[in-house]
Amino acid sequence: MKILVHAKANAFKNSVTEMSDGSYKIAVTAFPEHGKANVAIAKLLAKHLKVPLSAVSLVRGAASKEKYFSVE
């Protein structure tokens, strides 16, 4: 399944909000450098969906605020 994530890096606190259209709004405290924020977003998404981190992978949007993740 593919999931659209609206990402916010360098936030005050980590949070996951499910939007009415099925996408997620995820804020992480990690800085958006060297993929640190993408890893933090994947971890939060995996925790929220109660799946292992290995089941979550970034498909598109590594340098964008709108990212697509694949969840097995």
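Not measured: the values here are computed from a predicted model.

A. How the structure looks around the nonpolar core. Among the nonpolar cores identified, the biggest contains 17 residues, and Val5, Ile26, Val28, Ile41, Leu45, Val56 and Phe69 are the most heavily contacted of them. No other element matches the seven residues that helix α1 (residues 36–49) contributes to this core. Setting aside anything within four residues of it in sequence, one finds valine 28 in contact with Lys8, Ala9, Asn10, Ala11, Asn14, Ala37, Ala40, Ile41 and Leu44.

B. Summary view of the sheet that holds strand β3 (residues 24–27). Taken in spatial order, the five strands line up as β2-β3-β1-β5-β4 in an open sheet, and their pairing is mixed. Across the chains shown, the open sheet's two edge strands, defined by having one partner strand only, are β2 (15–18) and β4 (56–60). Strand after strand, the sheet turns through a mean of 35° between neighbouring axes, direction not considered. Two elements, β4 and strand β5 (residues 66–71), share four bridges in a ladder whose sense is antiparallel. Bridged to leucine 58 within β5 is phenylalanine 69.

C. Quick look at the pairing of β5. Judged by which residues are buried, β5 turns out to be one-sided: Lys67, Phe69 and Val71 face inward and are buried, whereas Glu66, Tyr68 and Ser70, on the alternate face, are not. Strand direction decides the pairing type here: strand β1 (residues 2–8) and β5, joined by five bridges, are antiparallel. Note on β5: the bridge partner recorded for lysine 2 is serine 70. Hairpin connection between β4 and β5: a loop of five residues separates the two successive antiparallel strands, and glycine 61 in this loop has a positive phi of roughly 100°.

What counts and how
- Residues numbered from 1 in each chain as written.
- Predicted model: local features only at pLDDT ≥ 70, side-chain atom pairs only at ≥ 80, totals over all residues.
- Heavy atoms only, no water.
- Core = buried A, V, L, I, M, F, W, Y, C linked by side-chain atoms within 4.5 Å.
- Buried < 20%, exposed > 50% of the residue type's maximum accessible area, 1.4 Å probe, protein only.
- Helix = DSSP H or I, 4+ residues; strand = E, 2+ residues; numbered from the N terminus.
- Contact = heavy atoms within 4.5 Å.
- Pairing = 2+ DSSP bridges.
- Axes fitted to C-alpha atoms, helices over the stretch in contact; angles between N-to-C directions.

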